[in-house]
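Close look at the chain arrangement
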Amino acid sequence: MKYLITTAIDYTNGDPHIGHAYEKILADVLARYNRTFRGPTFFLTGVDQHGQKVQQAAEKEGLQPMEFAGRLSQKFLNLWRKLGIQYDGWAATTDPRHKRAVQKVLQSLHDKGELYKQKYSGYYSVRQEQFLTDKERDASGEFGPEWGEVIFFEEENWYFKLAKHKDWLKRFVENRTDFVVPAFRRTELLNAIDRISGDLSVSRPKERLSWGIEFPFDPDFVTYVWFDALLNYVTFSGYLSDEGSNLPDFSELWPPGVQVIGKDILVPAHGIYWPIMLHAMGFADDQMPRLLVHGWWNAAGSKMSKSTGNVIDPDLLADRYGVDALRYYLMRDMVIGQDADFYEDRLRLRYNTDLANDLGNLVNRTISMSQRYRSGKLSLSAVNDADLTAIRDLANSVIDRYHKSFGEFQVHAALEATWELVTRANGLVEQKAPWKLAKDPAQSERLDGLLYTLAETVRVLALLVSPVVPAASEKILDQLQASDLRRLEWGALQDGHQLGAPSPIFPRAE
Ligand code: MSP
């Protein structure tokens, strides 16, 4: 089995922003952690290319939807390459392999009697591409601003029997206490399940929306974009794939270890439609996914939007401060599940303080001093020094807490624990003043012990930070000449180990 990690697939109706980047970095960090310390991992991400939003955005530019979606997809691909997003599978919903599998799913649900055709007249939210019922009205009886423009019309469509699975879903979410992480989101979902009333329209008549996957048994209709998009998780994992499709072996990947999504798409899409779709398709309860729901990045306290012009561009920030700085800030300053405010000043501060000053300095002075006093050659020392033992003990405790935090997807907590070790090691340098020890031949073994302890601490730290700042981690390991020593346990550096030349890893940002 491989540990499958997925993200939401991004709409190709506009440029990627910091929210998209955060989610992909978070999933990449979890995937890198898993690959390095746990075992085989498969990271699936991609783009959501169909639907009304994309069709409308294309029309505005005077382009065919395919050309428009293709251009936008390329922007996402370029950004992910730049930000070091190491994915294994790319889910683009216009991929013919996906389309065929979606059609197979529709056909099979039709055969099972899970779909029916019906005329509907009522309200429709253009923005959410969704029909509305009285349940969606707010306290004053109106459809709130979240629905955007609401129109009234009559239309025949294919419906998926959602409501009949309501009791199953309720029981499932009650029993599977870790279906949704963090826990408070599960309460929100349980409340939403109680409100399920009608079925889900899963088609759109072609005369209104042509940009989608055609119904296999009724060619006047295309598939509703959410139904198409949610299926990406199984189709690109190899579900119902054709011979020679070059997709993974489904039985090796499913169920996913974790599906990373933002809070806005838990209810109803991922918390209600998705498990019910899988259930109706015949997936057993133990084949259901687990959802990790993150919060939103806001621009200095307010919602990002094109109209206010406060959309934060990750591409620009990566150019300005470097990829590692951006990845580190986004992981360090958001508590999983909560919202966070983006401040460029804070990114700069985090970079200059945590990375350049604390970690960068520790690495640099450790390697420089070893070079200056011992030509870079480490020696184990027989001298018993309680301060050094304390650092080793702290390293072991940090490693334990780091794994525990990652097990709970608390990346910020893993970093917090890691920086305890950075701070203590810097403190040790001040306390022991190696520049003084170096002047006294009687202290020679003490100096050896100190230099070894610092180098081994730096090696452990390079591994601990590797999922978040992979480029910096490689540079540190390279300077230690320890690229092949990737065991996250104290003591891999051997007596006589030769360190390389120091060079600054995080130049200060002004
Ligand atoms: N296409 C759908 C998802 C289909 S998944 C089967 C979609 N796309 S999106 O482009 O609007 O959003 C993609 C992801 O980015 C979602 O998980 C969403 O929550 C996340 N974010 C969008 N804006 C965000 C922030 N401002 N902050 C953090 N993440 C946010 O929804």
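Residues numbered from 1 in each chain as written. Predicted model: local features only at pLDDT ≥ 70, side-chain atom pairs only at ≥ 80, totals over all residues. Heavy atoms only, no water.

1. As for the side chain of Arg-350
- Inspection of the secondary structure puts Arg-350 in helix α13 (residues 344-374).
- Engagement of the side chain of Arg-350 in a polar contact is seen with the side chain of Asp-333, the distance being 2.8 Å.
- Within the structure, Arg-350 has its side chain in polar contact with the side chain of Asp-354 (distance 2.8 Å). (Helix = DSSP H or I, 4+ residues; strand = E, 2+ residues; numbered from the N terminus. Polar contact = N/O pair within 3.5 Å; in protein donor to acceptor, adjacent residues only side chain to side chain.)

2. Structural notes on the site of the ligand
- In the region of the ligand, 24 residues are neighbours, and Ile-9, Glu-23, Asp-48, Asp-264 and Trp-297 sit closest.
- Between the ligand and the protein, one listed contact pairs an oxygen atom with a side-chain N or O atom of Glu-23 at 2.5 Å.
- In isolation the ligand exposes 660 Å². Once the protein is present, 95% of that is buried.
- When contributions to the shell around the ligand are tallied by element, the ones reaching two or more residues are β2 (10-11), α1 (18-37), α7 (225-230), α8 (232-235) and β12 (258-262).
- In the shell around the ligand, the residues fall into 12 nonpolar, eight polar and four charged. (Near = heavy atom within 4 Å. Areas by Shrake-Rupley, 256 points an atom, 1.4 Å probe, with all protein chains shown as cover. Nonpolar A, V, L, I, M, F, W, Y, C, P; charged D, E, K, R; others polar.)

3. Some words on the layout of surface pockets
- The computed volume of the second largest pocket comes to approximately 260 Å³.
- If you trace the second largest pocket, you find it lined by Leu-380, Ser-381, Val-383, Asn-384, Asp-385, Leu-388, Thr-389, Arg-392, Gly-449, Tyr-452, Thr-453 and Trp-490.
- Counting residues per element, the ones that place at least two in the lining of the second largest pocket are α14 (386-407) and α17 (444-464).
- Of the residues contributing to the lining of the second largest pocket, the split by class is five nonpolar, five polar and two charged. (1 Å grid on protein atoms, 1.4 Å probe; cavity = no way out; pocket = protein on both sides within 12 Å on 5 of 7 lines; lining within 4 Å. Points joined across faces, edges and corners; volume = space filled by probe spheres on them.)

4. Examining the packing of α1 against helix α12 (residues 323-332)
- Two elements in contact, α1 and α12, have axes whose closest approach is 10 Å; the angle formed by their N-to-C orientations is 90°. One finds that α1 runs roughly perpendicular with respect to α12. Contacts from Ile-18, Tyr-22, Ile-25, Leu-26, Asp-28, Val-29 and Arg-32 in α1 reach Leu-326, Arg-327, Leu-330 and Met-331 in α12.
- Residues of the contact of α1 with α12, tallied by class, amount to eight nonpolar, no polar and three charged. (Axes fitted to C-alpha atoms, helices over the stretch in contact; angles between N-to-C directions. Parallel < 35°, antiparallel > 145°, perpendicular 65-115°, else oblique. Contact = heavy atoms within 4.5 Å.)

5. Considerations on empty space enclosed by the protein
- For the structure on display, the rule yields one cavity of 30 Å³ or more.
- Considered as a void within the structure, the largest cavity measures approximately 40 Å³ in volume.
- Together, Arg-97, Arg-100, Ala-101, Lys-104, Leu-240, Ser-241, Asp-242 and Leu-247 line the largest cavity.
- Split by residue class, the lining of the largest cavity holds three nonpolar, one polar and four charged.

6. Quick notes on the pattern of salt bridges
- Under the counting rule described, the total for this entry stands at 40 salt bridges.
- In this structure, Asp-385 engages Lys-432 in a salt bridge whose closest nitrogen and oxygen atoms are separated by 2.9 Å. Placement of the pair is Asp-385 in the loop between α13 and α14 and Lys-432 in helix α15 (residues 411-432), with a sequence separation of 47 residues.
- Of the residues examined, Asp-385 reaches a relative accessible area of 10% and is grouped as buried.
- Residue Lys-432 pairs with Asp-387 through a salt bridge whose shortest N-O separation is 2.8 Å. Of this pair, Lys-432 sits in helix α15 while Asp-387 sits in helix α14, placing them 45 residues apart in sequence.
- The exposure class of Asp-387 is partly exposed, given its relative accessible area of 29%. (Salt bridge = Lys/Arg side-chain N within 4 Å of Asp/Glu carboxyl O. Buried < 20%, exposed > 50% of the residue type's maximum accessible area, 1.4 Å probe, protein only.)

7. A short note on the nonpolar core
- Among the nonpolar cores identified, the biggest contains 98 residues, and Leu-330, Met-331 and Leu-359 are the most heavily contacted of them.
- Per-element accounting of this core gives the leading share, 12 residues, to α17.
- Each residue touching Leu-330, except ones within four places of it in the same chain, is listed here: Ile-18, Tyr-22, Ile-25, Trp-297 and Phe-342.
- Formed by 62 residues, the second largest nonpolar core is a distinct cluster that contains Phe-160, Phe-227, Tyr-233 and Tyr-273. (Core = buried A, V, L, I, M, F, W, Y, C linked by side-chain atoms within 4.5 Å.)

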